[in-house]
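Coordinate inspection notes
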Amino acid sequence: MADTLTGPAHDAADAAPEFPMPRASRCPFDPPPGLRALQEQGPLTKVRLWDGSEPWLVTRYAEQRALLGDARVSADTDRPGYPTKADPGAGEGKLSFIMMDDPEHARLRRMVTAPFAVKKVEALRPAVQRIVDGLIDDMLAGPRPVDLVESFALPIPSLVICELLGVPYGDHEMFQENTRTMVRTTATPEERGAATREIAGYLAGQIAQRLTGPKDDLLSGIAGRVAAGELTHGQATEMALLLLIAGHETTANMITLGTAALLEHPDQLALLRDTDDPSLVASAVEELLRYLHITHLGRRRAVTEDIEIAGQVIRAGEGVIMVNEIGNRDPEVFADPDRLDLTRDARRHVAFGFGVHQCLGQPLARMELQVVYGTLYRRIPALRLACALEEVKFKHDAFIYGIHELPVTW
């Protein structure tokens, strides 16, 4: 099972708090109050996970960046002390190179870096603009209210990543449904394993097709590495699975979370709705990435050598969890951090991580969000929630935070 709050009770006053912490808060966009309290106490605190292990929770920005950039901090899930999210039967394993260390991490990552370079991504902007405008046209012509997730937020990154990979968009319902199962904390190990196998089997078939009939797409490039002996078919499938899941699930959640947050902050929404300044839109994207965060279980690592930091010594074989959602709310770095301010310079946020493992697809995510946030509210200026915020179903049951359904009207 995933991290829970139901582990054995601790009677001692100084017992390590359980992680993750209850998300009860005055606002679904804010970190749990318990995280703020721990941050105020200091940058590092021992916490207790589902299995009784006690890794270090890192709550402040400077220490998160330092540890994420330290070669003695390993992303390898097989390292002693790695703080797993779930029990071994839940199917948590390596997801291609993001759960590896250099040099193998760097070798595999380099194979798929080129399509996500800034210049390549910028060349896609007109196509993404057409996708966004087309979906808005469909919403305006259709019934109201409408679920922004299914009608808008999910199709955009799904269409884009399908185009990049060369996966037929007609198959999107299959991989979206299986992805939802894979990231749902309440899914059984059997359900999660079956969902993973279905998508992996599908992608393995796509790669096999490219081995005999390559096309101008990313899967063909990956298949070429198999043909050259640089990847096994299994490694190629894992790489494609990572790109497919990360390429649509994360961005879709940011679109809906960002929209919900902006609708609750009409003064900030007005800045986006009334501007045609690309720099303001870009600034707004960075602030929303800082203010919101979709990986609430933290970036997890194992320490391979003793590290002295912030007056503590993290021993080799101990785990660390960098909780970026509270790191991005560090008052020592971002003034008045719980305030959404689209004009602030938020580019230093750690929403995409830091160091060698920072998100490969961040140029693509930024561009897609810029097009969405710079278009949706301008074209539908009267956009509003079709229910009370309290009725919106947030993804408290998923490894990736977001919104299940966002009913909107205008």
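Residues numbered from 1 in each chain as written. Predicted model: local features only at pLDDT ≥ 70, side-chain atom pairs only at ≥ 80, totals over all residues. Heavy atoms only, no water.

Points about the sheet that holds strand S12 (residues 407-409)
By way of backbone hydrogen bonds, the strands of a sheet pair with one another, either parallel or antiparallel. As summarised here, the arrangement of the 3 strands in space is S4-S12-S9, forming an open sheet in which the pairing is antiparallel. Bordering the open sheet on either side are strand S4 (146-147) and strand S9 (384-385), each of which pairs with just one other strand. Where S9 meets S12, 2 bridges bridge the pair, whose relative direction is antiparallel. In the sheet register, Leu385 faces S12, and the bridge partner there is Val408. (Pairing = 2+ DSSP bridges. Helix = DSSP H or I, 4+ residues; strand = E, 2+ residues; numbered from the N terminus.)

Comments concerning the pattern of salt bridges
Considering all chains together, one arrives at 25 salt bridges under this definition. Across the pair Arg36 and Asp338 runs a salt bridge, and its minimum N-O distance is 2.9 Å. Of this pair, Arg36 sits in helix H1 (residues 33-41) while Asp338 sits in the loop between helix H14 (324-327) and helix H15 (362-379), and the two are 302 residues apart along the sequence. The class of Asp338 is partly exposed, set by a relative accessible area of 28%. The salt bridge involving Arg339 is made with Asp341; its shortest N-O contact spans 3.3 Å. Taking relative accessible area as the criterion, Asp341 reaches 12% and is therefore assigned buried. (Salt bridge = Lys/Arg side-chain N within 4 Å of Asp/Glu carboxyl O. Buried < 20%, exposed > 50% of the residue type's maximum accessible area, 1.4 Å probe, protein only.)

Here we look at the packing of helix H7 (residues 155-165) against H15
The packing of two helices is summarised by the inter-axis angle and the distance between the axes. Where H7 contacts H15, the two axes come as close as 11 Å, and the packing angle between them is 140 degrees. By the angle class used here, H7 and H15 are oblique. For the pair H7 and H15, the sense of crossing is right-handed. Across from Ile156, Pro157, Val160 and Leu164 in H7, the residues of H15 making contact are Leu364, Glu368 and Val372. (Axes fitted to C-alpha atoms, helices over the stretch in contact; angles between N-to-C directions. Parallel < 35°, antiparallel > 145°, perpendicular 65-115°, else oblique. Left-handed = near helix turned anticlockwise from the far one by under 90°. Contact = heavy atoms within 4.5 Å.)

So, the side chain of Asp147
Relative to the helices and strands, Asp147 resides in strand S4. Of the buried charged residues, Asp147 lacks a salt bridge, with Arg180 as the closest side chain of opposite charge at 8.4 Å. For Asp147, the side chain forms a polar contact with the main-chain nitrogen of Val149, separated by 3.1 Å. Setting aside residues no more than four positions away along its own chain, Asp147 makes contact with His404, Glu405, Leu406 and Pro407. (Lys, Arg positive; Asp, Glu negative; His and termini not counted. Polar contact = N/O pair within 3.5 Å; in protein donor to acceptor, adjacent residues only side chain to side chain.)

Let's talk about the state of the cysteines
Disulfide: a covalent bond formed between the sulfur atoms of two cysteine residues. Counting across every chain of the model gives 0 disulfides. Cysteine Cys387 shares no disulfide, and the gap to the nearest cysteine sulfur, in Cys27, comes to 15 Å. (Disulfide = S-S within 2.5 Å.)

A few points about unusual backbone geometry
In this model, Phe19 is joined to Pro20 through a cis peptide bond whose omega is 5 degrees. Mapped onto the elements, Pro20 comes out in the segment before H1. Cis geometry marks the peptide bond from Asp102 to Pro103, where omega comes out at 10 degrees. Inspection of the secondary structure puts Pro103 in the loop between strand S3 (73-74) and helix H3 (104-110).

Quick look at empty space enclosed by the protein
Under the counting rule described, the total for this entry stands at 1 cavity of 30 Å³ or more. In this structure, the largest cavity occupies an estimated 60 Å³ of space. Lining of the largest cavity is provided by 14 residues; of these, Phe29, Tyr291, Leu292, His293 and His296 occupy positions nearest its centre. Residues belonging to the lining of the largest cavity are distributed by class as follows: 7 nonpolar, 2 polar and 5 charged. (1 Å grid on protein atoms, 1.4 Å probe; cavity = no way out; pocket = protein on both sides within 12 Å on 5 of 7 lines; lining within 4 Å. Points joined across faces, edges and corners; volume = space filled by probe spheres on them. Nonpolar A, V, L, I, M, F, W, Y, C, P; charged D, E, K, R; others polar.)

Focus: the confidence of the model for the protein
In this model, the protein carries a mean pLDDT of 91, and residues with pLDDT of at least 70 account for 93%. Of the regions scoring below 50 in pLDDT, residues 1-13 engages in 33 contacts with residues more than four places distant in sequence or in other chains. Scored below 50 in pLDDT, residues 88-93 makes 8 contacts in the model with residues more than four places away or belonging to other chains. (pLDDT = per-residue confidence, 0-100.)

Quick look at the sheet that holds strand S8 (residues 319-322)
Taken together, 5 strands build an open sheet; the order of strands is S1-S2-S8-S5-S3 and the sheet is mixed. Two strands lie at the open edges of the sheet, namely strand S1 (44-46) and S3, each paired on one side alone.

A few points about the nonpolar core
Counting 92 residues, the largest nonpolar core has Phe29 and Phe152 as the members making the most contacts within it. Per-element accounting of this core gives the leading share, 15 residues, to helix H11 (residues 233-263). Those residues in contact with Phe29 that lie beyond four places of it in its chain are Leu257, Ala260, Ala261, Glu264, Tyr291, Leu292, Arg329, Leu389 and Phe394. Val58, Val73, Val303 and Ile314 belong to the second largest nonpolar core, which has 12 residues in total. (Core = buried A, V, L, I, M, F, W, Y, C linked by side-chain atoms within 4.5 Å.)

Examining the pairing of strand S5 (residues 299-303)
Within a regular strand, the side chains alternate between the two sheet faces. With 5 of 5 residues buried, S5 lies mostly within the body of the structure. Going residue by residue along S5, you find Arg299, Arg301 and Val303 tucked away on one face and Arg300 and Ala302 tucked away on the opposite face as well. By the bridge criterion, 2 bridges tie S3 to S5 in an arrangement that is antiparallel. From the neighbouring strand, Val73 faces S5, where its bridge partner is Val303. As defined by bridge partners, S5 adjoins S8 across 4 bridges and the pair is classed as antiparallel. The residue of S8 that forms the bridge with Ala302 is Gly319.

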